[in-house]
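Read off the chains here:
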Amino acid sequence: MNLRLFVAAELPDDVRAALAAWRPDDPALRAVDIAGVHVTLCFLGWVDEARVDAVGAAAMACAAPVGELAVREGLWLPPRRPRVLTIALDDPDGRLGAVQQAVVEAMVAVAGHEPEARPFLHWVSYDAYPREDIGAGFADNHAFASIIGEGCPFEAVDFDLGLFIIAPRLFYRDHHHAAPELYAPLTGPHGWRFKPGDPLVWKDADVPVWNNPWEPHATMTGDTPFLAIFCWTKDTSQPAKIIPSPDWPILENAS
Ligand SMILES: [Fe+2]
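Residues numbered from 1 in each chain as written. Predicted model: local features only at pLDDT ≥ 70, side-chain atom pairs only at ≥ 80, totals over all residues.

1. A look at the nonpolar core
To keep things clear, this is the line we draw: Note on definitions: a nonpolar core is a set of buried residues drawn from Ala, Val, Leu, Ile, Met, Phe, Trp, Tyr and Cys, linked by C-beta atoms within 7 Å. Partly exposed residues are those whose C-beta has more than 12 but fewer than 20 other C-beta atoms within 10 Å; with 20 or more the residue is buried, with 12 or fewer it is exposed, and the C-beta atoms are placed from the backbone. Secondary structure elements follow DSSP: runs of H or I of four or more residues count as helices, runs of E of two or more count as strands, with numbering from the N terminus. Each residue gets a C-beta atom placed from its backbone, and two residues are in contact if those atoms lie within 7 Å.
Listed in full, the twelve residues of the largest apolar core are Leu-5, Val-7, Leu-41, Cys-42, Val-47, Val-55, Ala-59, Val-99, Val-103, Ala-106, Met-107 and Ala-111. Secondary-structure elements contributing two or more residues to this core are β1 (2–10), β2 (38–48), α2 (52–60) and α3 (95–111). Tallying contributions element by element places α3 first for this core, with five residues. Apart from the residues lying within four places of it in its own chain, the contact partners of Met-107 are Val-7, Cys-42, Leu-44 and His-113. Listed in part, the eleven residues of the second largest apolar core include Ile-166, Leu-170, Tyr-183 and Phe-226.

2. Some words on the sheet that holds strand β9 (residues 181–185)
The following threshold applies: Whether two strands pair depends on DSSP finding at least two bridges between them.
Spatially, the six strands line up as an open sheet ordered β6-β5-β7-β14-β9-β12, and their pairing is mixed. At either margin of the open sheet sits one strand with a lone partner, and together these are β6 (154–155) and β12 (209–211). Note that β9 and β12 share three bridges and pair antiparallel. Across the sheet, Leu-182 pairs through a bridge with Trp-210, a residue of β12.

3. Topic: unusual backbone geometry
Between Gly-188 and the following residue, Pro-189, the backbone shows a cis peptide bond with an omega angle of 0°. Relative to the assigned elements, Pro-189 resides in the loop between β9 and β10 (190–193). A positive phi is found at Asp-158, a non-glycine position, where the angle reads about 50°. Note that Asp-158 resides in the loop between β6 and β7 (160–166).

This is how it looks when you write it as structure tokens:
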């Protein structure tokens, strides 16, 4: 059996109590059990149960005094499409950082952990759509990598530019968003429509598409993977929303 594991440092009771008193009381936020609030040192994911004792022993061997730490401001993660409210910690002597580094190295050795290398292009999938709304086909077969934006290799505020890829013969369902959007496709042709239910219009590679705020659009990828430069020029923290259309099954069966 596999177990989902992470290595963490516990916070003192009085610090957890202070965080519980500080955190916003907002119905849009789901409060976690304050007893479980911790400092994650290394996320391992699924690990074979047979390795748990060795992982635990290796983690405990890294334990060391970290001196005085300070709780700083709240920190939303990930920065561009926040889903979790975290707390920044001050580690003035770098001793907590040193413990974390030791834990990561130990987990590489004992748990086969692969530290994130943070390549220049950090490919992720867009997670703002409920899976049942966007469909499994798109959810599992697309990725984007931001190059200019918040937390990107080139920093910019409320601006997002990067590369977007979708597998061939897939329908990216009708959607819209507050952000004005440019697509500059490098491959093609791919099908587009700008109103749910409309027929698709096929555009060659290098024909740019501009979507004004909240203007509906959908894309049917052709025989080659869809690869485009995308750009959201503002309102990048506002999530895109799906617009249902009854012809999706026909389009998705044809694709
Ligand atoms: Fe879009």
